[in-house]
Amino acid sequence: MSKQAVLSIKNLKTSFYPNKGQTVIKAVDDVSLDAYPGEITAIVGQSGSGKSVTALCVFNIVDTSGRIEAGEVFLNGRDLRKLGDRALRNVHGKEISMIFQDPTSALNPSIRIKKQLIEAITAHERISKNMAMKRCEDVLVRVGLKNTKKILNSYPFELSGGMCQRVMIAMAIISNPNVLIADEPTTALDLTVQRGILEELLALRDKGMAVVLITHDLGVVAQTADQVYVMNNGKIVENGTVYDIFEKPQHKYTKELMNAIT
Amino acid sequence: MKEHTDTNLLKRTFSRLKNDKLALTGGIIVLLFILAGAFATYIAPHDPTAVNIENRLLPSSWEYPLGTDQLGRDVLSRIIYGTQVTLRNAFLVLAGILIIGVPMGMIAGYTGGRIDNFIMRVADIVLTFPSGILALAVVGMMGPGMLNIMLVLVSLWWAPFARVIRGAVLKIKEKDFVMAAEAAGTSKFQIIVKHILLNAASPIIVLATLNVASIIMHIAGFSFIGLGTQPPAADWGVMLNDSREFIATDPALMLWPGLAIMIVIFGLNMLGEGLNEALSPHTQKGIQRIKPWSVQRKVSTLKEDTYE
Amino acid sequence: MGLVEAIDLYKSYDEKAKEKSYAVQGVTLTIKQGETLGLVGESGCGKSTFGKLLLQLEKQTSGKVLFKGQDISNYNFHKMRPIRRNIQMIFQNSTNLFNPYFIVKQILMEPVNNYFLHESDAEKEKRVRAILHSVGLDESYLTRYGNELSGGQRQRIGIARALILHPEFVVCDEVVSSVDYTMRNQILQLLMDLKEAFGLTYLFISHDLSAVQKVCDRVAVMYMGKVMEILPSINARIKHPYTKALLDATLDVNPRNREKQTMSLKETAESESAIANEGCPYQNRCLLAQDICKIHAPKLKNIGDDHAVACHVVDH
Ligand SMILES: Nc1ncnc2c1ncn2[C@@H]1O[C@H](COP(=O)(O)OP(=O)(O)OP(=O)(O)O)[C@@H](O)[C@H]1O
Ligand SMILES: Nc1ncnc2c1ncn2[C@@H]1O[C@H](COP(=O)(O)OP(=O)(O)O)[C@@H](O)[C@H]1O
Ligand code: SF4
Ligand SMILES: [Mg+2]
Ligand SMILES: [Mg+2]
């Protein structure tokens, strides 16, 4: 029997209806995608092609000016779009987590890291304060942060972008979800740290997590991805194994992209 | 669906408010009261101070829709003029609070350092004064009267306002766009107005709306115990006071001013909540409030740590 | 004399704390007229802070910043304003980049309104449109709010905002980190074209070594707020162990080459532990560390050919 996708997006369509006198923005236009456990599925594509919006749709959190017009999102066989708010809250964080393109947006700037991390744990389980602190420190070490005590006591704006991003990853994996969507998780990180983060993602994959990785860095894709989806103008223009995409690109945009590597 | 991205802030706020039934109701209530107060001379059926002992304590009728009081004055007219007095005084107090509180909070938050420390210590001290006791003291020295009460309220209530604004400014000041504005050569004045004040506007407006409610309560309260507005001028507090003696025989006399106070405060609170939503640059579901581990639509339940 | 000079710059964000920690520690760097100086280094090592210090957007704890020979490090807000037109910064991408109540047109108009006072509205708008086109966006974006843009679009508006004034010196902070490769090449080309046409000078902060390689005349490598190495090009006779580690960490874009490349980093429990206060800041992760590294901090030493390195072991 063929393997079963944990996350399966089917014919998703999302548009934004902005200001009067402006045309509708078709951000995501008929996107289908499957993510399998123990694999890294990469999404690459033009800037503004709808990668982040696709991810937001999975969580049903696009701006109110945006509308999901068609399509289904299956997670572990259930259609997330049919679940109520309460059921969704139990799914988010426990079964599926997301790391955002911009770390500073997801961290509340006026709350210490410690509190935010602990909140991430206590949202799903009851745990003593000491245990929670221990888990927080462990998870920070796992994402390659030194000086964990100091970081736990800092406000997000005191950390550099890269450190914030690592805190975010820690927050996302603290409850061991099945699926992790990472929207440009290493964009703000330098190479040695990026290495560490990618190795962490690979380790998560090897433990059976399905990782969806949105990135512009073709080096990252080449080194980590199993499946690759290429997006352009809201559409998936090409998908296949990482070898297919890198060695036999079919679509015009993919070819352009591969040629841009220097 | 379309409304929230209107490029005009005012338009956007209005169109969002229009879709929020509670806020809209609150807004209409408040607006009706303001209109009633403003045009009291035109809509009040009688002279609110015209005494007519023969007509005392009449039940409601076509002539006197809400009846008359112990001196035969028309209750409806008195409520309408009371609205005028109460709202005017409340808005004057609010204006005073804003004129002191907003600049204080802005200066403290924006400049930081010693000035900030000084302003905040003063605010702390002011915050420890109970308004009732200070009011009594002032009245004891300068005699009863609404003006004295209003001065007391202004001199105390700018402090919590300044605190909230300082907090908002501190948060906004850290954002990249403030530094970017400086880099773009924007003047200090414009940075403060266009970037900081604009972004702090929503907490200020919301707080102001809610503050009016408690100012009204206090004004009515002080008038009720006879320290505020002095008869024959009448605000709702004075009317409540007058009706005390008749609570057993004519409870309606107390009912009307009480109801007026309640409805206005109710409306202000609903409007305040609605404004809070409508003024925020992002919609509820906006990316700003999402957490990576649990995507909730509600703002975090965590209390924010205070900066020190 | 350079266009911009940093002399022994220090910056600490916790100035009141007893034990200060420095984001930038004693950096002395000269950026010559017309050159592109690359600045690479770990995230959090103080690259952005250094850029902001050069523009006086943050006040240094000590040290000096010279622009065209004049010491601007004690200029106040008003004295800086006329200079700001010539020195600009493209901020690192984040959702706080723009005032949430501003649409793109207002964002781009802000610097124009500050400096092109004599121009008519039509002329100003022409500037806005022109710069928008050169970063690959069309007019339909003018009425969008900052939060309605994708990451890459936001970054490009940030670029437009800095370049619209035609400054002489631009700090480019991670300008191509969130756009795809084709757009990246386009932006780099734009920066290079402007340099060609107007003789611009850049401080190019990035961790994308191939982009640095493409556009930079010299590269400075920073670690924990200190300059470790300055070299003409990233693979010209690299000396410093940290620079080597950076280069080793570059990912191969060929999916067939996936064998674990050797890391020139000590990944021990020790490297997770506290950051060294004395000696070389890199000692805990360095493979070549000696006893002396724990005691004395190495000084930046010129070893000829425009090449300087701060390391006890390899500085010859
Ligand atoms: N809140 C919004 N309102 C209106 N339009 C939006 C909004 N968010 C995104 N868009 C538009 O939808 C399209 C897709 O955006 P998306 O963020 O998914 O791009 P992306 O593929 O992630 O790009 P990048 O690589 O630059 O981050 C873009 O054209 C963007 O401008
Ligand atoms: N506004 C700030 N307040 C306090 N600390 C800060 C602030 N900005 C940066 N830092 C600290 O300064 C150091 C350098 O940060 P930054 O210059 O942003 O690094 P980079 O750009 O190299 O990633 C980091 O340790 C960071 O925590
Ligand atoms: S001085 Fe010593 S610890 Fe520092 S980089 Fe050189 S060899 Fe390594
Ligand atoms: Mg994106
Ligand atoms: Mg930075």
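For the structure, check the block above.
None of the values given here were measured: they were computed from a predicted structure.

(A) Structural context of the interface of chain A and chain C. Listed per partner, the contact involves 53 residues of chain A and 53 residues of chain C. Here chain A and chain C share an interface that buries about 4,300 Å² over both sides, 50% of which is from carbon and sulfur atoms. A per-residue breakdown of the area chain A buries against chain C is headed by K146, R195 and Q223 of chain A, which together make up 18% of the total. Connecting chain A to chain C are 1 salt bridge. Here R256 of chain C makes a salt bridge to E247 of chain A, at a shortest N to O gap of 2.8 Å. The tally of links from chain A across to chain C stands at 11 residue pairs in polar contact (both at pLDDT 80 or more). Put simply, the parts of the chain that give the side of chain A that touches chain C at least two residues each are α3 (103-106), α7 (161-173), α8 (191-206), α9 (218-224), α10 (242-247) and α11 (252-260) of chain A.

(B) Representation of the pattern of salt bridges within the structure. Applying the stated criterion across every chain, the model contains 25 salt bridges over all chains. Between D242 of chain B and R78 of chain B there is a salt bridge, with the nearest N and O atoms lying 3.6 Å from each other. With D242 of chain B in helix α10 (residues 236-243) and R78 of chain B in helix α4 (residues 75-111), this residue pair connects regions lying 164 residues apart in the sequence. Here the salt bridges do not stand alone but share partners, grouping K105, E125, R129 and E139 of chain C into one network.

(C) Looking closely at the site of ligand 2. E158 of chain A together with G44, K47, S48 and T49 of chain C are the nearest of the 14 residues found near ligand 2. In the environment of ligand 2, an oxygen atom lies 3.0 Å from a nitrogen or oxygen atom belonging to the backbone of G46 of chain C. Within the side chain of S48 of chain C, a nitrogen or oxygen atom sits 2.5 Å from an oxygen atom of ligand 2. Contact with the protein chains removes 80% of the 570 Å² of surface that ligand 2 exposes when unbound. It is helix α1 (residues 47-54) of chain C that contributes the most residues to the shell around ligand 2, 3 residues altogether.

(D) Structural detail: the nonpolar core. Residues F50, L54, L108, I157, F169, L203 and F204 of chain C are the most contacted members of the largest nonpolar core, which totals 99 residues. If sequence neighbours within four positions are ignored, L54 of chain C has contacts with V4, A6, I31, V65, I72, I87, F169 and L203 of chain C. Of all hydrophobic cores here, the second largest spans 76 residues; its members include A27, A172, I197 and M209 of chain A.

(E) Examining the sheet that holds strand β5 (residues 78-79) of chain A more closely. All names here are of chain A. The antiparallel open sheet is built from 4 strands, whose spatial order is β2-β1-β4-β5. Of all strands in the sheet, those bounded by a partner on one side alone are β2 (25-35) and β5. Strands in contact with helix α1 (residues 51-58) are β1 (7-16), β2 and β4 (66-75); relative to β1, the strand with the most contacts, it is inclined by about 115 degrees.

(F) Here's a closer look at the sheet that holds strand β6 (residues 87-90) of chain C. All names here are of chain C. Strand order in the open sheet formed by 8 strands is β6-β7-β8-β3-β9-β10-β12-β11, with mixed pairing between adjacent strands. The outermost strands of the open sheet, each flanked by one partner alone, are β6 and β11 (301-302). Pairing analysis gives 4 bridges linking strand β3 (residues 36-41) to strand β8 (residues 201-205), with the strands arranged parallel. Paired with G38 across the strands is F204, a residue of β8. Packed onto the sheet, helix α6 (residues 181-198) meets β3, β7 (169-173) and β8 and runs at close to 155 degrees relative to β8. Where helix α8 (residues 241-248) meets the sheet, its contacts fall on β3, β9 (218-223) and β10 (226-231), and the angle it forms with β9 comes to roughly 105 degrees.

(G) Highlighting a nonpolar patch on the surface. A contiguous nonpolar patch, built from L24, I28, L31, L32, L35, F39, Y42 and I43 of chain B and spanning about 820 Å² of accessible area, is present on the exposed surface. If you tally residues by element for the nonpolar patch, the top one is helix α2 (residues 21-38) of chain B, at 5 residues.

(H) Region of interest: the coordination of the magnesium ion (ligand 5). All names here are of chain C. Only S48 (OG) and Q92 (OE1) from the protein coordinate the magnesium ion (ligand 5), and they sit 2.0 to 2.2 Å from it. Linking S48 in helix α1 with Q92 in the loop between β6 and α3 (104-115), this pair joins segments that are 44 residues apart in sequence. Judged by its relative accessible area of 23%, Q92 is partly exposed.

Procedures and definitions
Residues numbered from 1 in each chain as written. Chains lettered and ligands numbered in written order. Predicted model: local features only at pLDDT ≥ 70, side-chain atom pairs only at ≥ 80, totals over all residues. Heavy atoms only, no water. Contact = heavy atoms within 4.5 Å. Buried area = accessible area lost by both parts, 1.4 Å probe. Salt bridge = Lys/Arg side-chain N within 4 Å of Asp/Glu carboxyl O. Polar contact = N/O pair within 3.5 Å; in protein donor to acceptor, adjacent residues only side chain to side chain. Helix = DSSP H or I, 4+ residues; strand = E, 2+ residues; numbered from the N terminus. Near = heavy atom within 4 Å. Areas by Shrake-Rupley, 256 points an atom, 1.4 Å probe, with all protein chains shown as cover. Core = buried A, V, L, I, M, F, W, Y, C linked by side-chain atoms within 4.5 Å. Buried < 20%, exposed > 50% of the residue type's maximum accessible area, 1.4 Å probe, protein only. Pairing = 2+ DSSP bridges. Axes fitted to C-alpha atoms, helices over the stretch in contact; angles between N-to-C directions. Patch = residues over 30% accessible without salt bridge, like charges linked within 9 Å, V, L, I, M, F, W, Y side chains within 5 Å. Donors = N, O, S within 2.8 Å, 3.2 Å for Na, K, Ca; no water.

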